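Okay, here's what each chain looks like letter by letter:
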Amino acid sequence: MTRFSNNQRTTHASLGLIALLAGTSAAAQGLDSHVHGNAELNVVIAGQQLQFEFISPALNLLGFERAPNSAAEAALLDSVVADLKSSEWLVGDALVDCQMSSVAFETPEFAESHAPDGDAQKHDEDGHDEHAQGTGGDAHANFSVQYLFDCPAPPARDISITAFSHFGGIEEITVQWISETRQGLARLTASNTVLALE
Ligand SMILES: [Zn+2]
């Protein structure tokens, strides 16, 4: 009984840490951690639960980082969003026995490629396009998703990350992870895809 309640407390504390990790990465994200080709993965493993938070520049997944400007680009965006709603692109069938829920999902907020609402209408005929140029050049946008896996038994501590073969624009994933007893940092690439949570 004592041991059980200890575990419960540990689980609770560990799951609280994803908020901490998420907060840290979200804060960093707005500044200078947005590097094309790189993505971040925050992982908390606690008992039979595993939580992933994945944050990536939109460019890595889409090949562009602005609002779609053709039917083909719009379709691509739709298909990436559909992919991200399940977790197969990230972990293959490694956690197929677990119940997955997508606990958070943020699609990129692209800067408008036209001038903002009123301006676009009013000044269109005058050909005032300065605002569009000003915001278009250095705008960046991210995808951010979180998955929670509830597993029937403690999940494997070696998980093969399949993101690289699914999205060719992802070159490196920086992983921060926390388990009941340890934490670590890992850098995964297409030739080094196994995340060892121990
Ligand atoms: Zn960018």
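Every chain is numbered independently, its residues counted from 1 as its sequence is written. Since the coordinates come from a predicted model, pLDDT governs what is reported: local features require at least 70, and pairs of side-chain atoms require 80 or more to be given and counted, while whole-chain, interface and lining totals use all residues. Excluding hydrogens and water, the side-chain figures rest on all heavy atoms present in the structure.

1. Details of the overall build of the protein chain
We apply this condition: The secondary structure listing takes helices from DSSP runs of H or I that are at least 4 residues long and strands from runs of E that are at least 2 residues long, numbered from the N terminus. Only protein chains enter the accessibility calculation, which uses a 1.4 Å probe; a residue whose area is less than 20% of its type maximum is buried, one above 50% is exposed, and one in between is partly exposed. Whether two residues are in contact is decided by their heavy atoms: any pair within 4.5 Å suffices. Only the protein chains shown count as cover for residues, and the accessible areas themselves come from Shrake-Rupley with a 1.4 Å probe.
Scanning the protein chain from N- to C-terminus turns up seven helices and eight strands. Put simply, the protein chain has 198 residues, and 37% of those count as buried. Restricting the contact set of the protein chain to residue pairs at least 6 apart, pairs at least 24 apart contribute 69%. Total accessible area computed for the protein chain in this model is approximately 11,100 Å², and 50% of it derives from carbon and sulfur atoms.

2. Let's talk about the pattern of salt bridges
Two side chains bearing opposite charge may form a pair once their charged atoms approach each other closely. Here is the rule: By convention in these notes, a salt bridge is any Lys or Arg side-chain nitrogen within 4 Å of a carboxyl oxygen on Asp or Glu.
Under the definition given, this model contains three salt bridges. For the salt bridge of Arg157 with Glu180, the shortest nitrogen-to-oxygen distance reads 3.4 Å. Of this pair, Arg157 sits in the loop between strand 4 (142-150) and strand 5 (158-160) while Glu180 sits in the loop between strand 6 (172-178) and strand 7 (183-189), placing them 23 residues apart in sequence. On the basis of relative accessible area, Glu180 is assigned to the partly exposed category, the value being 30%.

3. Let's talk about the state of the cysteines
Basically, it comes down to this: Cysteine sulfurs are considered disulfide-paired once they come within 2.5 Å of each other.
Tallied over the entire structure, the rule returns one disulfide. The disulfide partner of Cys98 is Cys151, and the gap between their sulfur atoms is 2.1 Å. Between Cys98 and Cys151 the sulfur-sulfur dihedral comes to about 100°; the bridge is accordingly right-handed. Note that Cys98 is positioned in the loop between helix 4 (88-91) and strand 3 (99-106) and Cys151 in the loop between strand 4 and strand 5, a separation of 53 residues in sequence. Cys151 matches Cys98 in its accessibility class, with the two residues each being buried.

4. Considerations on the coordination of the zinc ion
Quick reminder of the rule: Nitrogen, oxygen and sulfur within 2.8 Å of a metal are treated as its donors, or within 3.2 Å for sodium, potassium and calcium (Na, K, Ca); water is not counted, so a site can appear incomplete. Key to geometry: four donors with every angle between 85 and 135 degrees are tetrahedral; four donors are square planar and six octahedral where opposite donors lie over 155 degrees apart and all remaining angles lie between 65 and 115; all other sites are irregular.
Protein coordination of the zinc ion is provided by His34 (NE2), His36 (NE2), Glu65 (OE) and His140 (ND1), with donor distances spanning 1.8 to 2.0 Å. Metal-centred angles of 99 to 119° between the four donor atoms at the zinc ion mark the site as tetrahedral. Given the relative accessible area of 46%, His140 is considered partly exposed.

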